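Residue-level listing of the chains:
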Amino acid sequence: MSHYQEDDPEYMEEYDMEDIEDDMDEEFTGRYISGSTLMLMKTTRPFLPVLQNNKISDTSAAEARRGKDIQGIPWDRLSITREKYRQTRLEQYKNYENISNSGERSGKDCKRTKKGASFYDFRLNSRSVKSTILHFQLRNLVWATSKHDVYLMSHFSVIHWSSLKHKKREILNVSGHVAPSELKISLLVAGGFQGELICKHLDRPGVSFCSRTTYDDNAITNAVDIYATPSGAVHFTASNNDCGVRDFDMEKYQLSKHFHFLWPVNHTSLSPDGKLLIIVGDNPDVMLVDSDTGKTVMPLHGHLDYSFASAWHPDGVTFATGNQDKTCRIWDVRNLSESVAVLKGNLGAIRSIRYTSDGRYMAMAEPADFVHVYDVKSGYENEQEIDFFGEISGLSFSPDTESLFIGVWDRTYGSLLEYGRRRNYAYLDSLIM
C-alpha cells in the first residue's frame, strides 16, 4: 500500500471556484476535492455542486420511484445535468496506479457483461449516517451483521446503524487513549495506521484487547478478517504494510501464526475449509498459500498492478481478486494457470469485493461512484450497475443476503445506501389468482 507523499502535487491539487464556475449557477457553490482529507487522499476529482442553504434529507424507495434523486441532489435546480456531470466524472476521475497505464492495458481480455439487471432494489439513503474514508486505497469499512444491522467507520468512531429503528450509536471511539477491559461474546476488530489492533466484544462497554503488533516504520494494518476454526475457536487474520500476515487466537489473545512476504500485504481471505489463504498486496501477482505453514501453493499471474481486495465464493472452489488495473479476476482452484473471468470497472481500482452467503451474487466496488453486482449463476454474464456520486468506503451483504449496504463519503452527500434483494414471488401470485 502506498504512503502519503506531502510534496506530490499530482494527487494533492485543489481547485478554487473560478475553475468550474462556467458549469455552475451563481446561486450554488462548487469545488474540486482531493480526497476525504488532504492528508490521506491522493486522487483529484470533481466535487458535487451544492446549493446554498439546501437541507438534504433521507431518501426512501417511494420517493425514488417518484423521481427524487437517491442522494437528494437537486439536479433540476442546478445548471449541470446528472448526465453531463456523470460524463465529467468519467473523463476527469484519475485512477491511482502504482504501475503506469495498468488500467488502460488491462482491457484486452475483459468479459462483456449484460448490464441492466436488477438484483437489489434501492431501499433507503440514510443521510444521518456519515461514512468516512481513512485511507485512499483501503475501502473495507462497512460490515453488515444482519439485514437491519450494519457497522461502519465515521471519523474516529465505529458506528452501529439500525435500519429498522433508523438509529445510530457509537460502538468504539479511538480518538483518545484506548485501554482493555476483560469481555466475552460478539467480536469487533479494528486496525490502525501504526500497527494497532483493537478488539471489542459488543455485549458490554469497554475494549477487550489492544496491542501494537509491530514497530516497523511501515506498519499500517491494511485489513482484518475474523473467522472460526473447525473446533469453533475465534481467530482473526491481520494484513499489514510491514509485509506480515498475523493470525490471532481470541480465546487467549495471543499471536498464533506469523507469515512474512516480500511485499506489503493489503488483503487476505481464508477459504471456507480453512486450508488456503489468498494473499494480495504491492505486487501484481496473487499468492495462494497454505494457511497452516504460509508456504506458497501457487502464484497467480494476470493482474497488472497492486491488488487490494479478495473474496472466496462459499463453494470454496472459486475466488475473486480486485486490482488497481481496474479489474476483478475470477479464479478456479482446479485450474490456476489463468483466471476464468476478468470483470472491468468504469473509473478506477476494484477496492472491495463481497459474495452473498448463498453464492448467488458477487459485488465489487470501485473507489467512487460505481458498485457492480454480478449474477454468479450466469457465469458473471448478467450485471447490475449501481450508479451514484461519492467515494466508496465499503460495501457489505447481510448474512441472509437480503440487504446490500454501501458506504458513501462526500462532504455534502455522504451517507449509507441500503438496497434490498429482489425476489420473484410469482408462485404466490398464481395462488392468489
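Up top is the structure.
No experiment lies behind these values; they were computed from the predicted model shown. (Residues numbered from 1 in each chain as written. Predicted model: local features only at pLDDT ≥ 70, side-chain atom pairs only at ≥ 80, totals over all residues. Heavy atoms only, no water.)

## A look at the overall build of the chain
Argument step 1. When helices and strands are tallied, the chain shows four helices and 32 strands.
Argument step 2. Across the 433 residues that make up the chain, the buried fraction comes to 56%.
Argument step 3. Counting contacts in the chain only where the partners sit at least 6 residues apart, residues at least 24 apart contribute 51% of the total. (Helix = DSSP H or I, 4+ residues; strand = E, 2+ residues; numbered from the N terminus. Buried < 20%, exposed > 50% of the residue type's maximum accessible area, 1.4 Å probe, protein only. Contact = heavy atoms within 4.5 Å.)

## As for the sheet that holds strand 14 (residues 209-212)
Argument step 1. Here three strands make up an open sheet; going across it, the order is 12-13-14 and the pairing antiparallel. At either margin of the open sheet sits one strand with a lone partner, and together these are strand 12 (187-191) and strand 14. Within the sheet, the average angular offset between the axes of one strand and its neighbour, ignoring direction, is 10 degrees.
Argument step 2. Where strand 13 (residues 196-201) and strand 14 come together, four bridges link them in antiparallel fashion. (Pairing = 2+ DSSP bridges. Axes fitted to C-alpha atoms, helices over the stretch in contact; angles between N-to-C directions.)

## Structural notes on the state of the cysteines
Argument step 1. Taken as a whole and assessed by the stated rule, the structure comprises zero disulfides.
Argument step 2. Among the cysteines around Cys199, which has no disulfide bond, Cys210 carries the closest sulfur, lying 8.7 Å off. (Disulfide = S-S within 2.5 Å.)

## Description of the side chain of Arg351
Argument step 1. Note on placement: Arg351 falls in the loop between strand 26 (341-344) and strand 27 (352-355).
Argument step 2. Glu391 provides the closest opposite charge to the buried, unpaired Arg351, separated from it by 7.4 Å.
Argument step 3. Reaching out from Arg351, the side chain makes a polar contact with the side chain of Gln324 at a distance of 3.0 Å.
Argument step 4. Those residues in contact with Arg351, other than ones at most four positions away along the chain, are Tyr96, Phe136, Gln137, Arg139, Asn140, Phe308, Ala309, Gln324, Ala365 and Pro367. (Lys, Arg positive; Asp, Glu negative; His and termini not counted. Salt bridge = Lys/Arg side-chain N within 4 Å of Asp/Glu carboxyl O. Polar contact = N/O pair within 3.5 Å; in protein donor to acceptor, adjacent residues only side chain to side chain.)

## Observations concerning the packing of aromatic side chains
The description of an aromatic ring pair rests on the distance of the ring centres and on the angle between the ring planes.
Argument step 1. Summed over the entire model, instances satisfying the criterion amount to 12 aromatic pairs.
Argument step 2. Plain terms: the ring middles of Phe261 and Trp263 are 6.3 Å apart, the flat faces sit at 25 degrees to each other, and that makes the pair stacked.
Argument step 3. Through a chain of ring-to-ring contacts, three or more aromatic side chains come together here, namely Phe119, Tyr120, Tyr361 and Phe397.
Argument step 4. One residue, Arg351, lies across the ring of Phe308, its end atom 4.9 Å from the ring centre. (Phe/Tyr/Trp six-rings, centres within 6.5 Å; stacked < 30°, edge-to-face > 60°. Lys NZ or Arg CZ within 6 Å of the ring centre and 35° of its normal.)

## Quick look at the sheet that holds strand 19 (residues 265-270)
Argument step 1. The four strands are arranged 19-20-21-22 in an open sheet whose pairing can be described as antiparallel. What marks the edges here is a single partner per strand, and that holds for strand 19 and strand 22 (296-300). Pairwise comparison of adjacent strand axes, ignoring direction, gives a mean angle of 20 degrees for this sheet.
Argument step 2. Across five bridges, the pairing between strand 19 and strand 20 (residues 276-281) is antiparallel. The partner of Leu270 across the bridge, within strand 20, is Leu277.

## Points about helix 2 (residues 82-92)
Argument step 1. All of the buried residues in helix 2 are Tyr85, Arg86, Thr88 and Arg89. All buried residues of helix 2 project into a common sector of 160 degrees when viewed along the axis, lining one side. Among the exposed residues of helix 2, those oriented more than 90 degrees off its buried face are Glu83 and Glu91. (Arc of directions from axis to C-beta.)

## Side note on unusual backbone geometry
One can expect most non-glycine residues to show negative phi and most peptide bonds to be in trans.
Argument step 1. The phi dihedral of Tyr253 falls on the positive side, at around 55 degrees, and the residue is not glycine.
Argument step 2. Of note, Tyr253 is situated in the loop between strand 17 (244-249) and strand 18 (254-260).
Argument step 3. Notably, Lys326 is not glycine yet its phi reads approximately 75 degrees, a positive angle.
Argument step 4. Locating Lys326 in the fold gives a position in the loop between strand 24 (318-323) and strand 25 (327-332).
Argument step 5. For Lys326, a relative accessible area of 14% gives the class buried.

## Overview of the side chain of Thr321
Argument step 1. By secondary structure assignment, the location of Thr321 is in strand 24.
Argument step 2. Taking the relative accessible area as the measure of exposure, Thr321 reaches 0% and is therefore buried.
Argument step 3. A polar contact is formed between the side chain of Thr321 and the side chain of His303, at a distance of 2.8 Å.
Argument step 4. Among residues more than four places away in sequence, those in contact with Thr321 are Ile278, Val280, Val286, His303, Ala309, Ser310, Thr327, Cys328, Arg329, Trp331 and Ile353.

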